[in-house]
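Commentary on secondary and tertiary structure
Here is what each chain is made of, one letter per residue.
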Amino acid sequence: MIIGGSASQDLAAHVAEELNDDLCYVETKKFPDGERYLRVDGNIDEEVTVIQSTGYPQDENLMELLFLIANLKDLGAKKVRVVVPYMGYARQEKRFHDGEAVSAKIVANLIQAAGADEFITFNIHEKCVLDFFDIPTTNISAMGAIAEYIDKKIDEKPLIVAPDKGAYPFAQEIAGILECECTYLSKVRLGPDKVETRIVDVEGSSDETVNVDSVKDKKAFIIDDIIATGGTIVNAVKILKEYGAKSVDVCCVHPILVNGATMRIYSAGANSVISTNSLSADSSRVSLAKSIANVLRD
Ligand code: R5P
């Protein structure tokens, strides 16, 4: 039995369809004072899977997820598998400055304390977040689904570009599937919404060693795990255009897309912005339903 929280209804419905499983109806509403109400409609199975991303509004979606898990256990479910395609707060996996709350750890503890028996997510920002759980965890990669999308979209070998070194393994994964070239750019973060980007040789020999030939006349696809303010991607698009890319398309797993990010990326010269449906956005054209179904089948 699949149960979709209000942040992941469409995805939950498609996972249920893939698995030929029942999709349970959940009634949610807000009381006039802002508190949430949740009711699971009908009888529940002994084993259920809850699907709920905890993106914006993070606190409401997280609270609903906790209500769902604890309520299902209370109603008699023996095993609750929890799929959080995008886990909010995962980017605060440590204390960067004295006194900060390690939000990712607190959220992991809450999910577990609510009664989750298993935790499944996609391309978690830092893998160490999964170590905060004492239950089995799975970190699914969306790169296969994104590679399939790129493959269908163009009829020549693309160049896959990571906008920073941290995203290079994603680019390598996609390039491996599509049997094409990949490279990465050099990024320095100057603040939460300010980054500086340079093009470097893939071997990283020096900032002067510009790898122009790998970009010129190529259909470039930028890949990142998250697009938030779009600062990282805007810089990457501009650089690839400057160095002669024929076109630049932008892909990511988690489309947070705040502060007019989509418009700024298009204004920088991107051909398209596409993402998975870990979060609902205009860009959410790559479905994670099959990937989730495959893991749940195991
Ligand atoms: C950083 O390590 C991530 O992979 C993304 O590059 C980052 O979160 C994107 O943030 P923004 O869109 O605000 O530049």
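This text follows the structure it describes.
Just so you know, these numbers come straight off a predicted model, no measurement behind them.

Points about the side chain of Asn 123
- Secondary-structure assignment places Asn 123 in the loop between strand S6 (118–122) and strand S7 (137–140).
- Residue contacts for Asn 123: discarding those within four places in its chain leaves Asn 139, Ile 140, Ser 141, Ala 142, Met 143, Phe 170, Val 253 and His 254.

Re empty space enclosed by the protein
- Applying the stated rule across the entire model yields 1 cavity of 30 Å³ or more.
- Counted as a void, the largest cavity has a volume near 60 Å³.
- Split into classes, the residues belonging to the lining of the largest cavity amount to 6 nonpolar, 4 polar and 1 charged.

Side note on the sheet that holds S6
- Ordered by their spatial adjacency, 7 strands build an open sheet running S3-S2-S1-S4-S5-S6-S7, and the pairing between neighbours is mixed. The open sheet has two edge strands, strand S3 (36–41) and S7, and neither has a second partner. Sheet twist, expressed as the mean angle between neighbouring strand axes with direction ignored, is 20°.
- Taken together, the 2 bridges between strand S1 (residues 2–4) and strand S2 (residues 23–30) define a ladder with parallel strand orientation. By the bridge assignment for S2, Ile 2 is matched with Leu 23.
- Helix H2 (residues 58–74) contacts S1, S2, S3, strand S4 (47–51) and strand S5 (79–84) of the sheet and is inclined by roughly 40° relative to S3.

Thoughts on helix H5 (residues 168–178)
- All of the buried residues in H5 are Tyr 168, Phe 170, Ala 171, Ile 174, Ala 175 and Leu 178. End-on, the buried residues of H5 take up no more than an arc of 155°, which puts them together on one face.
- The inward-facing, buried residues of H5 abut helix H4 (143–153), strand S8 (159–162), strand S9 (181–191) and strand S11 (219–227).
- Looking one or two residues past H5, Glu 179 carries a phi angle of roughly 55°, positive in sign.

Criteria and cut-off values
- Counting of residues starts from 1 at the beginning of each chain's written sequence and follows it residue by residue.
- Reporting in this predicted model follows two pLDDT cut-offs: at least 70 for local features of residues, and 80 or more for side-chain atom pairs to be given and counted; totals over whole chains, interfaces and linings ignore these cut-offs and use all residues.
- By convention in this description, side-chain values take in all heavy atoms of the structure and omit both hydrogens and water.
- Counting from the N terminus, the helices are DSSP H or I runs at least four residues long and the strands are E runs at least two residues long.
- The contact rule is simple, with two residues in contact once any of their heavy atoms fall within 4.5 Å.
- Cavities and pockets are found on a 1 Å grid laid over the protein atoms alone: a cavity is a set of points where a 1.4 Å probe fits but cannot escape, a pocket is an open set with protein on both sides within 12 Å along at least five of seven lines, and a lining residue has an atom within 4 Å of such a point.
- Grid points are joined across faces, edges and corners, and a volume is the space filled by probe spheres set on the points.
- Note on residue categories: nonpolar means Ala, Val, Leu, Ile, Met, Phe, Trp, Tyr, Cys or Pro, charged means Asp, Glu, Lys or Arg, and polar means any other residue, Gly included.
- Pairs of strands are assigned from DSSP output, requiring at least two bridges between the strands.
- Interaxial angle, 0 to 180 degrees, is taken between N-to-C directions of lines fitted to C-alpha atoms, where a helix line uses only the stretch in contact.
- The rule is simple: take the accessible area with a 1.4 Å probe, protein chains only, and divide by the maximum for that residue type; under 20% is buried, over 50% is exposed, in between is partly exposed.
- By construction, the arc corresponds to the directions joining the helix axis to the C-beta atoms.

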